[in-house]
Amino acid sequence: MLQVKNISFRYKKQAVLNNISFNVKPGEHLSIIGESGSGKSTLLKLLYGTYDLHEGHIFWNDFEILGPKYNLIIGPEFMKYVAQEFDLMPFITVSENIGAFLSNFYPEEKQERINELLDVVELKSFAKTKVKELSGGQKQRVALARAIAKQPEIILLDEPFSHIDNFKKQSLRRSLFKYLKEKNITCIVATHDKNDVLSFSDNMIVLHNSKIMAKNTPQKLYNKPKNKLIASFFEEFNEIDGKISYANQLEVVDKSNLKTIVKHSYYKGHYYLIEADLNGEIIFFEHNTQLESGKIVFVNHI
Ligand code: ADP
Ligand code: MG
């Protein structure tokens, strides 16, 4: 189990993380979310032992993860970390990069393993391409494959699909997270994408003002967002009479207390997101057809 006990850290004067504690069970998938600058990347770097903590301790089972003051080489053997800016070796091929940390002792097994990893990140056709010739998204996939090559016990992923286009993102996400679950690899993901969280995470942490604002399952936090920040991570939302609800939890009715004037309809594929004025406040709801701007409609909570 990963145990994070009362850790605090600052780069300069201002605390980036203040007295943070949480545990992650073996094989668990945990997401860390929070606004840009809330300390997600810093937290992952601390878990990896990149910096010395100002307070607190981090343990993986009985092993304490310590910073550079105590270690010549950053990062424990059993852990892999894929940074937001991945560093690969540009002048060798995709296969060579992925196999960089694998033993050469059994060349056939090594090649088999590389092929398996190329499959996971869907880069088979680029096996012999030099990394410098790849796009940002392809490089990110090489970095992911290299990180899982030696089957770490725990993997830290910092916005792992941020450079990958939508055509590939969905299938890569499924493939990678399925692989990690199958191999029982503990996984901690810093992300701002709800799609990384909802279908894949066992738990999620919300960072805000250097603290953990919430920690729970994605289901619990989605269904009962205790504040606007958490709701805004998931969906377009409204606060009506102090109650937070998502746009898909309001429906158009013949008559209600909530009389709105339509301002704009946004096409969203299988529905329209309607922006409307409710007593001078902007609210959002979903509707299956476009509504004319200026039209008066009544809505109600579903
Ligand atoms: P996130 O990943 O959530 O966007 P970061 O962990 O990158 O947040 O940053 C948290 C805070 O720490 C930000 O205010 C950022 O400006 C600051 N910060 C990050 N890295 C450094 C650094 N190397 N030196 C000084 N300040 C930093
Ligand atoms: Mg970051």
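Residues numbered from 1 in each chain as written. Chains lettered and ligands numbered in written order. Predicted model: local features only at pLDDT ≥ 70, side-chain atom pairs only at ≥ 80, totals over all residues. Heavy atoms only, no water.

As annotated in an unreviewed UniProt entry, the protein is ABC transporter ATP-binding protein from Flavivirga rizhaonensis.

A. Quick look at the UniProt feature "domain: ABC transporter" (unreviewed entry) in the protein. Here, the residues flagged by UniProt with the feature "domain: ABC transporter" (unreviewed entry) are residues 2-234. Spanning residues 2-234, this segment combines 32% helix with 25% strand, and its end C-alpha atoms are found 27 Å apart. (UniProt positions renumbered as here; feature names shortened; annotations may be inferred. Helix = DSSP H or I, 4+ residues; strand = E, 2+ residues; numbered from the N terminus.)

B. Expanded view of the pairing of strand β7 (residues 154-158). The element β7 is largely enclosed, with a buried count of 5 among its 5 residues. Where burial is concerned, the two faces of β7 agree: the one with Ile154, Leu156 and Asp158 and the one with Ile155 and Leu157 are both buried. As paired elements, β7 and strand β8 (residues 186-190) share 5 bridges and run parallel to each other. Following the sheet pairing, Leu157 is matched in β8 by Val189. In the classification by handedness, the crossover that spans β7, the intervening helix α5 (residues 166-182) and the parallel β8 is right-handed. (Buried < 20%, exposed > 50% of the residue type's maximum accessible area, 1.4 Å probe, protein only. Pairing = 2+ DSSP bridges. Right-handed = clockwise from strand over helix to strand, strands pointing away.)

C. Structural view of the nonpolar core. Membership of the largest hydrophobic core comes to 35 residues, with the highest contact counts inside it found for Leu157, Leu176, Phe177 and Leu180. Put simply, the parts of the chain that give this core at least two residues each are α2 (94-98), α3 (107-120), α4 (136-148), β7, α5 and β8. The element contributing the most residues to this core is α4, with 6 residues. Excluding residues that lie within four positions of it along the chain, Leu176 makes contacts with Val120, Leu144, Ile148, Leu157 and Phe161. Counting 29 residues, the second largest nonpolar core, distinct from the first, contains Leu30, Trp60, Ile154 and Leu156. (Core = buried A, V, L, I, M, F, W, Y, C linked by side-chain atoms within 4.5 Å. Contact = heavy atoms within 4.5 Å.)

D. View of the sheet that holds strand β2 (residues 15-24). If you trace the 4 strands from one edge of the open sheet to the other, you get β2-β1-β4-β5, paired in antiparallel fashion. This sheet does not close on itself; its edge strands, each paired only once, are β2 and β5 (63-64). One ladder, built from 6 bridges, connects strand β1 (residues 2-10) with β2; its direction is antiparallel. Paired with Ile7 across the two strands is Ile20, which belongs to β2.

E. Examining the pattern of salt bridges more closely. In this structure the tally under the stated criterion is 9 salt bridges. Close ionic contact of Lys132 with Glu133 constitutes a salt bridge, the shortest N to O distance being 3.8 Å. Exposure remark for Lys132: the relative accessible area of 44% places this residue in the partly exposed category. Here Glu133 falls in the exposed class, since its relative accessible area comes to 53%. (Salt bridge = Lys/Arg side-chain N within 4 Å of Asp/Glu carboxyl O.)

F. Structural view of the site of ligand 1. In the vicinity of ligand 1, the residues found are Tyr11, Lys12, Val16, Glu35, Ser36, Gly37, Ser38, Gly39, Lys40, Ser41 and Thr42. At 2.7 Å, a backbone N or O of Gly37 approaches an oxygen atom of ligand 1. Here Ser38 contributes a backbone N or O atom positioned 3.3 Å from an oxygen atom of ligand 1. Broken down by element, the residue count for the shell around ligand 1 peaks at 3 residues, all from helix α1 (residues 40-48). Residues of the shell around ligand 1, tallied by class, amount to 2 nonpolar, 6 polar and 3 charged. (Near = heavy atom within 4 Å. Polar contact = N/O pair within 3.5 Å; in protein donor to acceptor, adjacent residues only side chain to side chain. Nonpolar A, V, L, I, M, F, W, Y, C, P; charged D, E, K, R; others polar.)

G. Broad picture of the environment of Leu278. By the secondary structure assignment, Leu278 is in strand β15 (residues 272-278). A relative accessible area of 8% places Leu278 in the buried class. For the pair Leu278 and Asn23, spaced 255 residues apart in sequence, the C-alpha to C-alpha distance is 43 Å. The contact partners of Leu278, leaving out residues within four places of it in the chain, are Ile240, Leu258, Lys259, Thr260 and Ile283.

H. The arrangement of the packing of α4 against α5 in detail. Between α4 and α5, the least distance of the axes is 12 Å, while the angle of their chain directions is 5 degrees. Comparing the axis directions of α4 and α5 gives the class roughly parallel. When α4 is examined against α5, the residues Arg141, Leu144 and Ile148 are found in contact with a partner set consisting of Lys168, Leu172, Leu176, Tyr179 and Leu180. A per-class count over the contact of α4 with α5 returns 6 nonpolar, no polar and 2 charged. (Axes fitted to C-alpha atoms, helices over the stretch in contact; angles between N-to-C directions. Parallel < 35°, antiparallel > 145°, perpendicular 65-115°, else oblique.)

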